[in-house]
Amino acid sequence: MNCKLVRKIPAFGNFYRVNFSDYVRNGNFPLGRVIETAELATMHDSGQLPELMKRLRDPESAVRFWAATGCAVLGKKALPAKAILVGMLKDTSGDCRITAAEALCSMGESGDGDVLPVLMKDLTNENAMVALRAANVLDIFSEEVSSPLATFETVLHNSENNYVKRVLSHAVSRFRK
């Protein structure tokens with residue numbers, strides 16, 4: 001999907017806009033498959049896991065995103081998808097990488113060292129929304145990913161994205177309690 005840089009705001013990062021109506025109308029966007037995958041993801045039905053696992057390998061990033069979201073929703077019941085999700089940590093889509101990391105965390109499978117580096121790297125992603133998603137996952141699953149307080153404080157101090165700073169400030173304050 002082609003994204004157009006809309007504006008760069010020093011305090012928040014880069015914001016991108018996709019003209020979805022043009023993208024969908026060009027006939028190449030699998031809107032039906034995306035909607036169907038989103039529905040599967042939100043059913044909370046572990047019987048849908050085999051189909052979600054197939055869709056984790058879909059060529060369309062929106063389908064992969066929703067399939068990974070479904071795995072996050074299922075938590076430990078999605079454990080058979082672990083290997084695919086670990087592979088998705090290298091996805092070209094930042095949203096897919098972060099959602100795969102979130103799914104692994106929701107399964108309790110973040111301790112093998114794969115998840116934290118991906119989340120920490122994407123905290124500085126040029127797309128402000130990807131960076132914010134990484135910060136949110138780190139905040140929610142901070143104990144599961146064994147994020148050292150010093151690491152959060154370093155990123156908090158160096159980040160130019162105020163949204164990321166706010167989320168990490170919350171995570172740091174929880175550690176200090």
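Residues numbered from 1 in each chain as written. Predicted model: local features only at pLDDT ≥ 70, side-chain atom pairs only at ≥ 80, totals over all residues. Heavy atoms only, no water.

### Examining the overall build of the chain
Just so we agree on the cut-off: Helix and strand assignments follow DSSP, with helices taken as H or I runs no shorter than four residues and strands as E runs no shorter than two, numbered in order from the N terminus. The contact criterion used throughout is that any non-hydrogen atoms of two residues lie within 4.5 Å. Computed by Shrake-Rupley with a 1.4 Å probe, the accessible areas treat only the displayed protein chains as cover when residues are assessed.
A count of helices and strands for the chain gives ten helices and two strands. Along its sequence from the N terminus, the chain presents helices and strands in the succession β-β-α-α-α-α-α-α-α-α-α-α. In the chain, the share of contacts with a sequence separation of at least 24, taken over all contacts with a separation of at least 6, comes to 58%. As displayed, the chain has an accessible area near 9400 Å², and 53% of this comes from carbon and sulfur atoms.

### Notes on the side chain of Arg55
The line we're drawing: Burial classes follow relative accessibility: with a 1.4 Å probe on protein chains only, a residue under 20% of its type's maximum area counts as buried, one over 50% as exposed, and anything between as partly exposed.
Locating Arg55 in the fold gives a position in helix H3 (residues 49–55). What makes Arg55 buried here is its relative accessible area of 9%. Those residues in contact with Arg55, other than ones at most four positions away along the chain, are Arg33, Glu36, Thr37, Leu40, Val63, Arg64 and Ala67.

### Points about the pattern of salt bridges
Stated formally: Salt-bridge detection follows one rule: a side-chain nitrogen of Lys or Arg within 4 Å of a carboxyl oxygen of Asp or Glu.
All told, the structure shown has nine salt bridges when counted by the stated rule. For Arg64, the salt bridge is made with Asp91, and the minimal N-O distance between the two is 2.8 Å. Remark: Asp91 occurs in the loop between helix H5 (82–88) and helix H6 (94–106) and Arg64 occurs in helix H4 (residues 61–74); sequence separation between them is 27 residues. Asp91 matches Arg64 in its accessibility class, with the two residues each being buried. Its salt-bridge partner being Lys82, residue Glu109 comes within 2.9 Å of it at the nearest N-O pair.

### Here's the deal with the confidence of the model for the chain
For any part of a model where pLDDT is low, the fine detail of the predicted coordinates should not be relied upon. Rules: Here pLDDT means the predictor's own confidence in every residue, given as a number from 0 to 100.
Put simply, the chain has an average pLDDT of 82, and 79% of its residues get 70 or more. Mean pLDDT values for the elements of the chain range from 45 in strand E1 (residues 4–9) up to 98 in H3.

### A look at the packing of aromatic side chains
The test is simple: Stacked, edge-to-face and tilted labels apply to pairs of Phe, Tyr and Trp rings (six-membered ring for Trp) whose centres lie within 6.5 Å, assigned for plane angles under 30 degrees, over 60, and everything in between, in that order.
Throughout the structure, instances matching the rule amount to one aromatic pair. When the ring of Phe65 is compared with that of Trp66, the centres are 5.3 Å apart and the planes differ by 80 degrees; the resulting orientation is edge-to-face.

### Quick word on helix H8 (residues 128–140)
Applicable threshold: Working rule for helices: expected span equals 1.5 Å times residues minus one. Distance and chemistry together define a polar contact, namely a pair of N or O atoms within 3.5 Å, with one atom able to donate a hydrogen and the other to accept it when in protein, and with adjacent residues in sequence counting only for side-chain atoms on both sides.
For H8, built from 13 residues, the straight-helix expectation of 18 Å at 1.5 Å per residue is met to within 8% by its first-to-last C-alpha distance of 18 Å. Buried residues of H8: Ala128, Val130, Ala131, Leu132, Ala134, Ala135, Val137, Leu138 and Asp139, and no others. The residue sitting at the N-terminus of H8 and contributing the capping side-chain oxygen is Asn127; that oxygen lies 3.0 Å from the backbone nitrogen of Met129.

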